[in-house]
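# Commentary on secondary and tertiary structure
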Amino acid sequence: MCVTNETFASLQEWGIEVRKACLDRGENLHTVSEAIGHSYSAITSLISGRVVKTNYLEIAKKINDHLGVTILPKKPQLPSNEWCAAVRTKLFMQKMSIGQLSEETGFSRDRLSLVLNGHTMDDPVIERINGVLNIEVPVIPSSSE
């Protein structure tokens, strides 16, 4: 089924629809990933909202076409490039590595990297980074919706 009606829903609502469609078709996300040519981890990361890559809509459309889902996920808010750059600048100025920031914040390097690379919005991580590094740049610019 080709997606022709581009109705958008939250990433969470879309993920629920994808899971329902898998159950209805007797498929799992492994078979979906093989069918559409994207890795299982890319698909599960998108469906769970943990990682939203720039090609998220392309992947979502392939999933939808395969499963017959008719809604698409809206892209969630992600940390701004300005905030990510401010964090990298502070790390450089303080000669601090991601490993050291991990120790200071109590979050894993992987979790920090997802936020610092602008792939996920993780409020507890952002708040702790802002506190540890004294970041004053807003995570979402005021001109954003």
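Residues numbered from 1 in each chain as written. Predicted model: local features only at pLDDT ≥ 70, side-chain atom pairs only at ≥ 80, totals over all residues. Heavy atoms only, no water.

### A few points about the packing of helix α6 (residues 98-105) against helix α8 (residues 123-133)
Operational definition: Angular values range over 0 to 180 degrees, each being the angle between N-to-C directions of two axes fitted as lines to C-alpha atoms, with helices fitted over their stretch in contact. Under the DSSP-based scheme used, a helix requires at least four consecutive residues in state H or I and a strand at least two consecutive residues in state E, with every element numbered from the N terminus. Throughout this description, any angle smaller than 35 degrees is read as roughly parallel, any larger than 145 degrees as roughly antiparallel, any in the 65 to 115 degree range as roughly perpendicular, and the remainder as oblique. Throughout, a residue-residue contact means that at least one pair of heavy atoms, one from each residue, lies within 4.5 Å. When residues are sorted by character, Ala, Val, Leu, Ile, Met, Phe, Trp, Tyr, Cys and Pro go into the nonpolar class, Asp, Glu, Lys and Arg into the charged class, and all the rest, Gly among them, into the polar class.
Here α6 crosses α8 at 105°, and the two axes come no closer than 10 Å. Put simply, α6 runs roughly perpendicular to α8. Only Arg128, Ile129, Val132 and Leu133 of α8 make contact with α6, whose side of the interface consists of Leu101, Glu104 and Thr105. Its residues placed into classes, the contact of α6 with α8 shows 4 nonpolar, 1 polar and 2 charged.

### Things to note about the packing of helix α2 (residues 29-36) against helix α3 (residues 40-48)
Stated precisely, the cut-off is as follows: The sense of a crossing depends on the near helix, which, turned anticlockwise from the far helix by less than a right angle, makes the crossing left-handed and, turned clockwise, makes it right-handed.
Where α2 meets α3, the axes come as close as 9 Å, and the angle between the chain directions of the two elements is 115°. The pairing of α2 with α3 is recorded here as roughly perpendicular in orientation. Every pair of crossing elements has a handedness; the one defined by α2 and α3 is right-handed. Along the contact surface, α2 presents Leu29, His30, Val32, Ser33 and Ile36, while α3 presents Tyr40, Ile43, Thr44 and Ile47. Of the residues in the contact of α2 with α3, the class split is 6 nonpolar, 3 polar and no charged.

### Description of α8
Stated precisely, the cut-off is as follows: Under the scheme applied here, a residue whose accessible area is under 20% of the maximum for its type counts as buried, over 50% as exposed, and between as partly exposed, the area being computed with a 1.4 Å probe on protein chains only. When we speak of the arc, we mean the arc of directions from the helix axis to the C-beta atoms.
Buried within α8 are the following residues: Val125, Ile126, Ile129 and Leu133. Projected down its long axis, α8 shows its buried positions confined to an angular sector of 95°, all on one face. Exposed side chains of α8 directed beyond 90 degrees from the buried face belong to Glu127 and Gly131. Summarising the contacts, the buried residues of α8 are in contact with α5 (81-93), α6 and α7 (109-116). A positive phi of about 55° marks Asn134, the residue just after α8.

### Quick notes on the pattern of salt bridges
Keep this limit in mind: When a carboxyl oxygen of Asp or Glu lies within 4 Å of a side-chain nitrogen of Lys or Arg, that pair is called a salt bridge.
Scanning the model with the defined rule gives 4 salt bridges in all. Residue Glu17 is joined to Lys20 by a salt bridge in which the shortest nitrogen-to-oxygen separation is 3.5 Å. Taken together, the positions of Glu17 and Lys20, both in helix α1 (residues 11-25) and 3 residues apart, correspond to about one turn of that helix. Classification of Glu17 by relative accessible area gives partly exposed; the value is 32%. Between Arg111 and Asp122 there is a salt bridge, with the nearest N and O atoms lying 2.6 Å from each other. Taken together, the residues Arg111 in helix α7 and Asp122 in the loop between α7 and α8 connect sequence positions 11 residues apart.

### Focus: the environment of Glu6
Summarising the element assignment, Glu6 is placed in the segment before β1 (7-9). Residues Glu6 and Lys90, 84 residues apart in the sequence, show an inter-C-alpha distance of 41 Å. Ignoring any residue separated from it by four or fewer positions in sequence, one finds Glu6 in contact with Lys61 and Leu72.

### Here we look at α2
Stated formally: Polar contact is defined as a pair of N or O atoms within 3.5 Å, subject to the rule that within protein one atom must be able to donate a hydrogen and the other to accept it, and that residues adjacent in sequence are counted only when both atoms are side-chain atoms.
By the burial criterion, the buried members of α2 are Leu29, Val32, Ser33 and Ile36. The arc enclosing the buried residues of α2, seen along the axis, measures out at 100°, which places them on a common side. Where α2 is buried, its residues contact α1, α3 and α4 (56-67). The N-terminus of α2 is capped by Asn28, whose side-chain oxygen sits 2.9 Å from the backbone nitrogen of His30. Gly37 sits one or two positions beyond α2 and adopts a positive phi of about 80°.

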